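Topology and contacts: notes
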Amino acid sequence: MRASSGIGSSQLRSPSGGPFSISRNQVYFPGKVSFCRAKFAESGVDGLSISLRVVPPSLLAAEKEEAKAVLSLFLKKQGLSNAVAARTINKSELFIDHLVSRLHSVHKSRYLVGRELTTLEIRDALIPYLETLFEEHGDILVDVVENFPNQPDKEICEAAVSSSSSSSSSSSSNPTLDSKRTKAMARVTEVGPAGELPPNILYLLELGLELDQIKAMTRRFPAFPYYSLEGKIMPVVQFLLDLGVPKSGIPIILYKRPQLCGVSLSENIIPTMAFLENLGVDKKQWAKVIHRFPAFLTYSRQKVKATVDFFKEMGLSSESIGKVLTRCPNIISYSVEDKLRPTAEYFRSLGVDVAILLHRSPPTFGLSIEANIKPITEFFLEKGFSIDEVRTMISRYGPLYTFSLAESLEPKWEFFLTMDYPRTELVKFPQYFGYSLEERIKPRCAIVRESGVRLLLNQVLSLSESEFVKALKRKMKKMHDG
């Protein structure tokens, strides 16, 4: 693996592989595309209705509540009051449906096997998307959400926002940063003597980025339009292609993390990758890792090493560390002292083997101890489970704590009480909580009841359809013969 060196102007190639030429007879500005059609096409209103029809109403209702909670939390993090966030949620039914449809699109395979999404999976699927919308629309995001699928009049909305906040903006803005951002934005659309955009901007457009996306990247990271096409942008693009990232995947990677073009390939990225490969990160999986979490390669070697050292301290082998980072690369972004260590200490206080939990369910370490983890422990204790049983359940099913207490664990517990199984069945098979109540648990239990036989809980849920039918037939035959 090697970094591309500087490329001469005669060697410039387009993303499609052919010579990269810059037209000098016209200015290249992509036509304005309707926001809703361009950004929401993948799960637009028509596709949305198809998606929602195949999901049981109760599961759909639970997912809507999860989506509302994520959107509300995101809006409040942007500075909205509780009252304004709640009012926006109440006015955004179509946008909430759109978020749910996006979940179904991102996690198709989970629905096919009747697996319910965890709270963390829902959050991880929706928050980056909301961040993308916020980066593009800034202060008018609320209008975009409330008016979905219709695009609000951006000029009117921005004027309203400007007039309402003009008195406070003068005291809170950063003149230096604003000046840098203004100059950088002007550079993006700077037209040359022959009416052409800058070469680096034209290259990015041909790569598949839209001009509005490049502007959004620049607002977030004003240094981006100053990066050399030959010395920075093209070497990174070629590097990603060499790793196996498809051309179609590069625009979204650059959009999510434009800083990637500013990190030295030879001094930072490649040595960090070599360090991680020595730990067991599968070099064949780099394309997937970067696609899942483009920021992964922009963290300093010191930050990566601090996380790796913590994993070793917890008892993970090099091979396990490699697998954890491959499957859950965003764990590298968690603070060791503020997030990872406190979570490890909490589970260790329960007697859980932290190394096994980290290996089996790294997303658990991204949860809030007070808001997510402790309430689930208290829930099981209140239901009569001993601390030893809770520890056993966690050890047997790592993702147990990643499910929503209100929307997943509690309803499944209530249904379990109707199933005539002893509580110890859940200790033996805590995976029960990972199956969809409407798509897997209830239908399978109804079939078992109708057959008049009794199966172990894990047989009811974990067997494939064909094996489940075979197990039922064997039990029925045995009962008939006996």
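Residues numbered from 1 in each chain as written. Predicted model: local features only at pLDDT ≥ 70, side-chain atom pairs only at ≥ 80, totals over all residues. Heavy atoms only, no water.

Some words on the overall build of the protein chain
Heads up, the rule is: Runs of H or I in DSSP of at least four residues are treated as helices and runs of E of at least two as strands, each being numbered from the N terminus. To sort residues, take the accessible area from a 1.4 Å probe on protein chains only and compare it with the maximum for the residue type: under 20% means buried, over 50% means exposed, and anything in between is partly exposed. Only heavy atoms enter the contact rule, under which two residues are in contact if any of them lie within 4.5 Å. Surface accessibility follows the Shrake-Rupley procedure with a 1.4 Å probe radius. Residue values consider only the protein chains on display as shielding.
Across its full length, the protein chain carries 27 helices and zero strands. Within the protein chain, the proportion of its 482 residues that are buried is 46%. Taking as baseline every contact in the protein chain between residues at least 6 positions apart, the subset at least 24 positions apart corresponds to 72%. When the accessible area of the protein chain is evaluated, it comes to approximately 23,500 Å², of which 52% is carbon and sulfur surface.

Brief notes about the confidence of the model for the protein chain
Under the convention used in this document: How sure the predictor is of each residue is captured by pLDDT, a score from 0 to 100.
When pLDDT is averaged along the protein chain, the result is 80; 80% of the residues meet or exceed 70. For residues 1-17, every residue scores under 50 in pLDDT, and the model assigns this stretch 39 contacts once sequence neighbours within four places are set aside.

What to know about the packing of aromatic side chains
For any pair of aromatic rings, geometry is given as the distance between the ring centres together with the angle between the planes. Under the convention used in this document: Any two rings among Phe, Tyr and Trp, with Trp reduced to its six-membered ring, count as a pair given centres within 6.5 Å; such a pair is stacked if its planes are under 30 degrees apart, edge-to-face if over 60, and tilted if neither. Each ring is checked for a lysine NZ or an arginine CZ that lies within 6 Å of its centre and within 35 degrees of its normal; such an atom marks a charge sitting over the ring.
This structure, assessed with the given rule, holds 18 aromatic pairs. Centroid distance Phe224 to Tyr227: 5.9 Å. Interplanar angle 85 degrees. Geometry classified as edge-to-face. As far as burial versus exposure is concerned, Phe224 and Tyr227 are alike and both buried. Three or more aromatic residues joined by ring pairs make a cluster, and in this case those are Phe379, Phe380, Phe385, Trp413, Phe416, Tyr421, Tyr432 and Phe433. Lying over the aromatic face of Phe275, Arg301 brings its terminal NZ or CZ to 4.5 Å of the ring centre. Directly above the aromatic system of Phe468 lies the positively charged group of Arg444, at a separation of 4.2 Å from the ring centroid.

Notes on the nonpolar core
We count it as follows: Take the buried residues of types Ala, Val, Leu, Ile, Met, Phe, Trp, Tyr and Cys, join any two whose side-chain atoms come within 4.5 Å, and each joined set is a nonpolar core.
In terms of nonpolar packing, the biggest core is built from 110 residues, with Leu276, Leu325, Tyr401 and Tyr432 touching the most fellow members. In terms of residue count, helix 13 (residues 229-243) provides more of this core than any other element does, eight residues in total. Non-local contacts of Tyr432, meaning those with residues more than four positions away in its chain, are made with Lys412, Phe415, Phe416, Met419, Leu426, Ile441, Leu457 and Leu461. Core analysis: the second largest hydrophobic core is formed by 24 residues, Ala67, Phe74, Leu75 and Val100 among them.

A word on the pattern of salt bridges
Pairing of side chains with opposite charge becomes possible as their charged atoms draw close. Let me state the cut-off plainly: Should a side-chain nitrogen of Lys or Arg be within 4 Å of a carboxyl oxygen of Asp or Glu, the pair is scored as a salt bridge.
The tally for this structure, following the rule as stated, stands at 16 salt bridges. The residue Lys323 makes a salt bridge to Glu319 at a minimum N-O spacing of 3.4 Å. Taken together, the positions of Lys323 and Glu319, both in helix 18 (residues 318-327) and four residues apart, correspond to about one turn of that helix. Residue classification places Lys323 among the partly exposed residues on the basis of a relative accessible area of 39%. Glu319 sits in the exposed class, given a relative accessible area of 52%. Measuring nitrogen to oxygen at the nearest pair gives 2.3 Å for the salt bridge that ties Arg391 to Asp388. Of this pair, Arg391 and Asp388 both sit in helix 22 (residues 387-396), three residues apart, which is roughly one turn of that helix. Take Arg391: its relative accessible area is 24%, and that puts it in the partly exposed class. One network of salt bridges, in which partners are shared, links Lys64, Glu93 and Asp97.

So, unusual backbone geometry
Positive phi outside glycine occurs at Asp420, with the angle close to 60 degrees. Here Asp420 is to be found in the loop between helix 23 (405-416) and helix 24 (424-428).

Things to note about helix 25 (residues 437-451)
Spacing of three or four residues puts side chains on the same side of an α-helix, whose turn is 3.6 residues. Rules: Every helix has an expected span of 1.5 Å times one less than the residues it contains. The arc in question is the one spanned by the directions pointing from the helix axis to the C-beta atoms.
The terminal C-alpha atoms of helix 25, which comprises 15 residues, lie 20 Å apart, in line with the 21 Å expected from a rise of 1.5 Å per residue. Listing the buried residues of helix 25 in full gives Leu437, Arg440, Ile441, Arg444, Cys445, Val448 and Ser451. Along the axis of helix 25, the buried positions cluster into a sector of 150 degrees, meaning they face one direction only. On its buried side, helix 25 packs onto helix 23, helix 26 (457-462) and helix 27 (465-481).

Details of empty space enclosed by the protein
The line we're drawing: Here the term cavity refers to a set of points on a 1 Å grid, laid over the protein atoms alone, in which a 1.4 Å probe fits but cannot get out; the term pocket refers to an open set having protein on both sides within 12 Å along at least five of seven lines, with lining residues being those that place an atom within 4 Å of a point. Grid points are joined across faces, edges and corners, and a volume is the space filled by probe spheres set on the points. Residues are grouped as follows: nonpolar covers Ala, Val, Leu, Ile, Met, Phe, Trp, Tyr, Cys and Pro; charged covers Asp, Glu, Lys and Arg; every other residue, Gly included, is treated as polar.
Applying the stated criterion to the full structure yields two cavities of 30 Å³ or more. Approximately 90 Å³ is the volume found for the largest cavity. The wall of the largest cavity is formed by Leu59, Ala62, Glu63, Glu66, Glu116, Leu117, Thr119, Ile122, Ser404, Glu407 and Ser408. Only helix 3 (57-77), helix 7 (119-137) and helix 23 provide two or more residues apiece to the lining of the largest cavity. Its residues assigned to classes, the lining of the largest cavity comprises four nonpolar, three polar and four charged. Volume-wise, the second largest cavity comes out at about 30 Å³. What lines the second largest cavity is simply Val352, Asp353, Ile356, Leu357, Arg360, Ile394 and Ser395.

Let's talk about helix 22
All buried positions along helix 22 are accounted for by Glu389, Val390, Met393 and Ile394. Considered in projection along helix 22, the buried side chains sweep an arc of 140 degrees and stay on one side of the axis.

Here's the deal with the environment of Pro251
Following the sequence through the fold, Pro251 ends up in helix 14 (residues 250-256). Residue Pro251 is classed as buried on the basis of its relative accessible area, which comes to 11%. On a C-alpha basis, the gap between Pro251 and Leu205 in space is 9.3 Å, while along the polypeptide they are 46 residues apart.

Details of the packing of helix 23 against helix 25
Applied cut-off: Orientation is described by axes fitted as lines to C-alpha atoms, over the contacting stretch for helices, and by angles from 0 to 180 degrees between their N-to-C directions. Each angle is binned into one of four classes, with values under 35 degrees roughly parallel, values over 145 roughly antiparallel, values of 65 to 115 roughly perpendicular, and all other values oblique.
Remark: helix 23 packs on helix 25, axes separated minimally by 12 Å, with the N-to-C direction vectors making an angle of 5 degrees. When the interaxial angle is binned, helix 23 and helix 25 end up roughly parallel. Contacts from Pro411, Lys412 and Phe415 of helix 23 reach helix 25 at Leu437, Ile441, Lys442 and Cys445. Tallied by class, the residues present in the contact of helix 23 with helix 25 amount to five nonpolar, no polar and two charged.

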